[in-house]
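Listed here are the chains, written in short residue letters.
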Amino acid sequence: MIDRDRFPVDPWRLVETSPSLDDAGVTETLFSVANGYLGLRGNEPEGRHEHEHGTFINGFHETFPIRHAEQAYGFAEVGQTIINAPDAKVMRVYVDDEPLSLDVADVRDYTRTLDMRDGVLRRRIEWTTPSGKDVCIDYDRLVSFEEKHLAIMRLEVTVLNADAPVTISCQVINRQDGEDVYGGTPTAPRKAGFDPRKAERIHERVLQPQEFWQDKLRSALSYRASESGMTLAVVADHVVETENAYTARTLIEPDIAKNVFRVQAKAGVPVTVTKLVSYHTSRGVPARELVDRCRRTLDRALTEGIEAQYDRQRHWLGEFWKRSDVRIEGHPDLQQATRWCLFQLAQASARADGQGVPAKGMTGSGYSGHYFWDTEIYVLPFLAYTTPLWARNALRMRYLMLPAARKRAFQLNEHGALFPWRTINGEEASAYYAAGTAQYHINADVSFALAKYVRATGDVEFLHREGVDIAVETARLWATLGFWRSVEGEFDGDIDGVGETFHIHGVTGPDEYTTVVNDNLFTNVMARFNLRFAARTVREMAELDGEVYRKTVERLGLEPGEPEAWERAAEAMHIPFSPALGIHPQDHVFLEREIWDLENTPPDKRPLLLHFHPLVIYRYQVLKQADVVLALFLQGNHFSPEDKLADFDYYDPLTTGDSTLSAVVQAILAAEVGYQDLALEYFRQSIFVDLADLHHNAADGVHVASAGGVWTALVSGFGGMRDHFGELSFDPRLPADWPELAFVLHWHGTRLEVSIVRDELRVRAGDGDPVGFSVRGTGYVVGAGEEVVVPLDGQGPVIAGRPSLRQFADQRREDGSLLSASVPTVTTSIPIVGGMADLEHGADA
């Protein structure tokens with residue numbers, strides 16, 4: 001999958017040994033550096049020939065009217081898209097006034113590395129100029145984790161075999177509005193083509209210039225976004241170190257700042273230019289104030305010293321890896337990929353500081369910089385178990401969105417709050433309600449993440465102060481969105497044989513290839529959890545702290561009967577089940593649809609969303625991503641092993657994996673039910689989704705949720721960790737050719753080092769309270785500084801192969817009809833006669 005001559009395996013570094021413009025978009029993503037607030041794509045410092053010149057700041061966005069072909073009440077009206085912030089990465093080199101340009105340069109040696117131990121991107125080039133001068137150019141780039149507003153770029157140029165004039169042109173460019181290194185329209189605009197995952201493009205001017213100036217070697221640009229009103233300032237300072245003679249020139253315009261250094265370089269005498277850049281943004285603070293903040297950031301960094309910033313970065317990441325590293329013995333390629341994924345999670349979330357975690361982090365403009373449910377289900381488990389503060393910050397983002405979420409629920413005729421499906425500022429930004437707003441399950445996903453955080457940390461203070469508002473308001477929505485229906489049958493305690501069940505209609509589950517359905521299993525199961533969690537939280541609060549409870553009642557207008565009503569709805573929640581097939585249907589009518597024959601679908605028709613109209617897809621049993629299977633994992637304590645195996649066998653052949661969120665979940669359940677080779681196959685698809693560009697869209701940015709899912713697949717899939725009912729347990733599934741899997745967890749403040757080999761599991765505890773856990777049903781307790789060793793009898797059940805469509809032969813639905821599979825293809829096309837076209841559709845069984 002990966003050219004290992006060009007990208008050799010290294011356990012701590014991503015290494016590239018030769019440049020290529022053919023996959024520039026992918027390598028820009030892979031070599032991005034970010035900190036959760038600020039992100040710089042891995043663009044070459046020459047500033048040309050790129051897929052996307054990207055500098056992104058979390059939450060810095062523009063708004064625009066969403067234009068619906070046919071408007072309807074409640075449709076999202078105002079879109080949001082991340083803004084490409086002014087680009088300060090450019091540091092162009094000229095020797096004898098000949099520019100270094102990688103597309104034509106005679107490059108004798110090239111190495112680019114991203115070191116995950118110190119968070120520094122480095123590049124070394126040995127270049128021979130047309131006049132025969134040998135030039136060594138070293139470049140590095142850092143986005144500070146400690147100083148969230150600071151980036152540092154350093155360039156060293158040495159002419160090895162002759163004296164020569166050297167020019168280094170450092171620039172800050174407003175690329176969002178069309179400026180480039182020469183001025184005017186960018187030379188490489190993003191190629192056109194339909195893909196709903198790409199960012200919206202705004203053709204009007206976005207960034208309105210405010211204050212701009214130069215003072216000695218310091219340059220400042222600042223802007224206000226035209227519609228959102230957000231403000232930004234960027235200030236760049238420069239430090240020159242050389243024994244060569246040099247002069248400095250400057251240029252400042254509203255959309256470009258240049259600091260140009262002309263050096264009379266002697267042979268073998270280097271010149272080093274260090275560029276320190278600070279970005280600050282605000283929802284409305286005047287740009288001049290932000291310029292002052294940038295100045296202070298730079299003054300502080302210069303006072304502390306440039307090398308001190310690199311030292312602090314290495315120390316910060318050293319602590320991160322102590323909390324977060326996962327070791328896979330015997331597989332250096334998987335080890336490298338694992339650490340790259342975990343490093344991406346730090347880059348996406350560490351300094352988000354109350355903002356969300358965008359689907360692409362700050363590495364690209366894909367999905368317009370929006371926050372989705374990805375954070376809560378795929379990213380937050382890693383945060384909660386390794387760096388709980390980051391998880392708390394991510395949850396506070398949802399707490400701060402509650403006012404907008406309450407308005408959205410009211411707009412949709414519901415009580416409580418409805419979180420937006422995709423957003424930056426808290427307002428719904430999804431223009432397609434069927435696969436957007438209809439995914440009400442996001443409410444339960446947020447509450448589930450809140451519960452997981454509290455389980456892992458014991459942070460009851462946060463739960464009772466702010467988290468309870470999330471739990472209550474999301475539960476209130478389910479209470480009014482759902483409805484009661486009387487049914488006949490056998491019900492415990494109902495002598496007359498008539499009972500009531502609670503239903504939720506008109507929703508979309510995680511599988512976006514099936515929309516607006518009744519009783520989606522994932523939604524119902526997660527809503528049941530949400531209702532129970534809210535009721536339990538309120539009751540426990542009343543018992544533990546009457547004063548806090550009283551304030552909560554007053555703040556939320558909580559009625560005495562609400563918790564009981566939520567529990568009653570949860571207990572009566574309808575969970576679809578098909579006795580004929582012995583599985584849980586994804587929704588009320590899912591099994592009535594024809595089965596899409598994925599095994600015979602041509603590869604050039606994938607992903608389906610780019611080749612078939614949604615109405616075609618919606619008519620079939622076909623999944624974009626795991627839906628029922630995800631419910632089996634998240635709420636696995638409510639399903640038997642037999643249920644899990646039957647459901648996995650049914651849904652796995654129907655799942656396209658067109659979403660990068662799918663393979664990690666399939667890996668976890670495959671491992672649990674026994675398809676251990678298949679689990680490893682799905683895991684490899686997940687871990688290399690960006691590094692090998694498996695979905696052909698890594699150029700748009702890192703798939704952050706998939707990176708989070710890699711951690712979950714390792715810890716919960718192969719490590720077998722679960723936290724159902726707030727109890728820590730393990731049931732490992734170590735792959736057959738892995739000598740050892742080791743990872744770190746933090747449970748209620750106690751650090752746990754977990755190591756799994758074929759015949760034993762070890763848990764060592766650091767400082768803190770004793771931790772109770774179970775392994776395959778047997779309980780243990782490990783105290784501070786102690787180690788518990790648990791013998792293992794094998795690694796769980798083993799099933800060869802994988803589920804196949806062949807299993808559907810002779811299977812019948814509830815009504816007695818046979819299941820059959822086909823591919824929607826047009827086999828005959830007849831010219832239009834009288835305004836009608838006769839299209840015969842093939843059914844390839």
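Before any of the text, the structure's been laid out above.
Residues numbered from 1 in each chain as written. Predicted model: local features only at pLDDT ≥ 70, side-chain atom pairs only at ≥ 80, totals over all residues. Heavy atoms only, no water.

Regarding helix α8 (residues 441-457)
Consideration 1: Compared with an ideal rise of 1.5 Å per residue, which puts 17 residues at 24 Å, α8 spans 24 Å between its outermost C-alpha atoms and is within 8% of the ideal.
Consideration 2: The buried count for α8 comes to 17 of 17 residues, which makes it a mostly enclosed element.
Consideration 3: In the segment just after α8, G458 is the residue with positive phi, at about 70 degrees. (Helix = DSSP H or I, 4+ residues; strand = E, 2+ residues; numbered from the N terminus. Expected span 1.5 Å × (residues − 1). Buried < 20%, exposed > 50% of the residue type's maximum accessible area, 1.4 Å probe, protein only.)

Side note on the pairing of strand β18 (residues 245-253)
Consideration 1: Bridge analysis of β18 against strand β19 (residues 256-265) gives nine bridges, and the strand direction is antiparallel. When the bridges of β19 are listed, Y246 appears paired with V263.
Consideration 2: Hairpin connection between β18 and β19: a loop of two residues separates the two successive antiparallel strands. (Pairing = 2+ DSSP bridges.)

Considerations on the packing of aromatic side chains
Consideration 1: Taken as a whole and judged by the stated rule, the model has 31 aromatic pairs.
Consideration 2: Aromatic pair W316 and W390: ring centres 5.7 Å apart, planes at 10 degrees, arrangement stacked. Residue W316 is found in helix α3 (residues 306-324), and its partner W390 is found in helix α6 (residues 388-400); the two are separated by 74 residues along the sequence.
Consideration 3: Considering the side-chain rings of W484 and F502, the 5.2 Å spacing of their centres and the 70 degrees angle between planes classify their relative orientation as edge-to-face. Note that W484 is positioned in strand β22 (residues 483-488) and F502 in strand β23 (residues 498-503), a separation of 18 residues in sequence.
Consideration 4: A residue is classified by how much of its surface remains accessible, and W484, at 31% relative accessible area, is partly exposed.
Consideration 5: A connected cluster of aromatic rings, assembled from ring pairs, spans W12, F145, W316, F320, W321, F382, Y385, W390, W711 and W747.
Consideration 6: Above the face of the F31 ring, R112 is positioned so that its terminal group lies 4.4 Å from the ring centre. (Phe/Tyr/Trp six-rings, centres within 6.5 Å; stacked < 30°, edge-to-face > 60°. Lys NZ or Arg CZ within 6 Å of the ring centre and 35° of its normal.)

Some words on empty space enclosed by the protein
Consideration 1: Taken as a whole and assessed by the stated rule, the structure comprises six cavities of 30 Å³ or more.
Consideration 2: Empty space within the largest cavity amounts to approximately 160 Å³.
Consideration 3: Lining the largest cavity we find 14 residues, and of these K452, F633, L634, S716 and D723 sit closest to its centre.
Consideration 4: Mapped by element, the contributors of at least two residues to the lining of the largest cavity are α5 (374-386), α8, α14 (628-634), α18 (704-718) and β26 (721-722).
Consideration 5: Across the lining of the largest cavity, the residue classes break down as seven nonpolar, three polar and four charged.
Consideration 6: Taken as a whole, the second largest cavity holds about 80 Å³ of empty space. (1 Å grid on protein atoms, 1.4 Å probe; cavity = no way out; pocket = protein on both sides within 12 Å on 5 of 7 lines; lining within 4 Å. Points joined across faces, edges and corners; volume = space filled by probe spheres on them. Nonpolar A, V, L, I, M, F, W, Y, C, P; charged D, E, K, R; others polar.)

Things to note about unusual backbone geometry
Excluding glycine, most residues fall at negative phi; most peptide bonds, likewise, are trans.
Consideration 1: Backbone torsion omega between R606 and P607 reads -5 degrees, so that peptide bond is classified as cis.
Consideration 2: Located in the positive-phi region is N413, a residue other than glycine, with phi close to 65 degrees.
Consideration 3: Within the secondary structure, N413 sits in the loop between α7 (402-411) and α8.
Consideration 4: Look at N413 and you get exposed, because its relative accessible area is 66%.
Consideration 5: Within the chain, F725 stands out as a residue other than glycine whose phi angle is a positive 60 degrees.
Consideration 6: Structurally, F725 is set in the loop between β26 and β27 (728-730).

Quick look at the pattern of salt bridges
Consideration 1: Applying the stated rule across the entire model yields 66 salt bridges.
Consideration 2: Here R392 ties to E461 by a salt bridge, and the two come within 3.3 Å at their closest N and O atoms. Here R392 is found in helix α6, whereas its partner E461 is found in helix α9 (residues 460-481), with 69 residues between them in sequence.
Consideration 3: Look at R392 and you get buried, because its relative accessible area is 19%.
Consideration 4: The network of salt bridges with shared partners includes R6, E16, D23, E44, E46, R112 and R123. (Salt bridge = Lys/Arg side-chain N within 4 Å of Asp/Glu carboxyl O.)

Points about the packing of α6 against α9
Consideration 1: For the pair α6 and α9, the least separation of the axes is 9 Å and the interaxial angle reads 40 degrees. Classified by the angle their axes make, α6 and α9 are oblique. In terms of crossing hand, the pair formed by α6 and α9 is left-handed. Only E461, F462, R465, E466, D469 and I470 of α9 make contact with α6, whose side of the interface consists of R392, L395, R396, R398 and Y399. (Axes fitted to C-alpha atoms, helices over the stretch in contact; angles between N-to-C directions. Parallel < 35°, antiparallel > 145°, perpendicular 65-115°, else oblique. Left-handed = near helix turned anticlockwise from the far one by under 90°. Contact = heavy atoms within 4.5 Å.)

Some words on the sheet that holds strand β21 (residues 326-328)
Consideration 1: Read from one edge to the other, the open sheet built from five strands follows the order β21-β28-β29-β30-β33, with strand pairing classed as antiparallel. Only two strands of the sheet have a single neighbouring strand rather than two, namely β21 and β33 (787-791). Across this sheet, the average inter-strand angle for adjacent strands is 15 degrees, counted without regard to direction.
Consideration 2: Sheet analysis places strand β28 (residues 741-747) next to strand β29 (residues 750-757), joined by seven bridges and oriented antiparallel. From the neighbouring strand, L745 faces β29, where its bridge partner is L752.

Quick look at the packing of α6 against α8
Consideration 1: It is the contact of α6 with α8, at a shortest axis distance of 11 Å, that shows an interaxial angle of 150 degrees. Comparing the axis directions of α6 and α8 gives the class roughly antiparallel. Where α6 crosses over α8, the two elements pack in a sense that is left-handed. The residues of α8 that touch α6, namely those facing P388, A391, R392, L395 and R398, are I442, V446, A449, L450, Y453 and T457.
Consideration 2: Looking at the contact of α6 with α8 residue by residue, the classes come out as eight nonpolar, one polar and two charged.

With respect to the state of the cysteines
Consideration 1: Counted according to the given criterion, the structure contains zero disulfides.
Consideration 2: Of all cysteine sulfurs, the one in C294 lies closest to C170, which takes part in no disulfide; the gap is 17 Å. (Disulfide = S-S within 2.5 Å.)

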